Structures are given as structure tokens and as C-alpha cells.
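Geometric and topological summary
So the chains spell out like this:
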Amino acid sequence: MIRYNLQCRKAHQFEAWFRDSGLYDAQVAAGELTCPVCGSKQVEKAVMAPSISTGKRREKAKAEAEQAAKVLKGLREMRQQVEANCDYVGPSFAEEARKIHYGESEQRNIYGETDAKEAETLKEEGVAVQRIPWVPLENS
Ligand SMILES: [Zn+2]
């Protein structure tokens, strides 16, 4: 919302709120803006600087927070899926992933810890690995 301080030809000043500056122009052009004191349609902006209401900013912050919460929820669900469907092999992830890849270990889904460099090496070897952000669960 944009607030304008308006003034009629008789110098009555009043405030009016508009969804945007284009709407103000449209209403003036259509003669829909009248002075609340004398009813004059000869209305113009008394002060050029519009003030922006903080409502929109608050809405934006709220939307951003909701979006972040949604992403976090998605990551938590992904972690729960991984924990439910994969074997945890801890720090020996790279070694175990390789064994599975080369048929030396039972074919299954695993998860564990490895560093970025090791994960890249595995990928180059053709091992299907994926690094995912590991977020803390709500109650931990
Ligand atoms: Zn007036």
C-alpha cells in the first residue's frame, strides 16, 4: 500500500491509501478522487514522497520464514526416509559403497559419513552417491 497526502484546490489536506501508484493516477484521471471536506475533484498530491506501509514487508518476511520451514521440513523427511530405508555404515561409507558397487558386498542402500573429496572420487568411479544436507530432527 502507498499512502499519499492529498490536497484539494481549497487546500484541504487529507490522506488516501492506494494499492499502487498506478491506481492513484487512474482514480485521478477518472475523477473518482474527491476531497472529503468540500467534495472537490481538483485533487493533487500535497507531498511527493509516498510512504510504504510495513505490512507488505512483514508479509514478505513471513512468506520467507514459511518457505524456509518448508525446506527444512522436506530435508527432515528426506533424512527420515534415508534412516528408514538405508543401512547406516558410519565413517566407512566410502569403503562400503565401493564394495557394493563392485559386488563384494550385499546390494543395498547405505548411508554414512564421507567428505566432499571422497564423494567426488566415488562418483568418478561410477558409484551412485548423493550428498544431502543432514538436518537435525525436531526433537533432537
Ligand atoms: Zn477540499
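Below or above, wherever it landed, is the structure these notes cover. Nothing here was measured: the structure is a model prediction, and the numbers come from that model.

Quick look at the nonpolar core
Soluble, globular proteins show a tendency: their nonpolar side chains are buried together. Counting six residues, the largest nonpolar core is built from Tyr4, Leu6, Cys8, Tyr24, Leu33 and Val43. For this core, the element with the most residues is strand β1 (residues 2-8), which contributes three residues.

Considering the pairing of β1
In this sheet, strand β2 (residues 13-18) lies alongside β1 in antiparallel orientation, the contact comprising six bridges. When the bridges of β2 are listed, Asn5 appears paired with Glu15. Here β1 folds back onto β2 in antiparallel fashion, the turn holding four residues, of which Ala11 has a positive phi close to 70 degrees. Note: β1 against strand β3 (residues 43-45), three bridges, orientation antiparallel. Bridging across to β3, Gln7 finds its partner in Glu44.

Quick notes on the rules
Residues numbered from 1 in each chain as written. Predicted model: local features only at pLDDT ≥ 70, side-chain atom pairs only at ≥ 80, totals over all residues. Core = buried A, V, L, I, M, F, W, Y, C linked by C-beta atoms within 7 Å. Buried ≥ 20, exposed ≤ 12 C-beta atoms within 10 Å, placed from the backbone. Helix = DSSP H or I, 4+ residues; strand = E, 2+ residues; numbered from the N terminus. Pairing = 2+ DSSP bridges.

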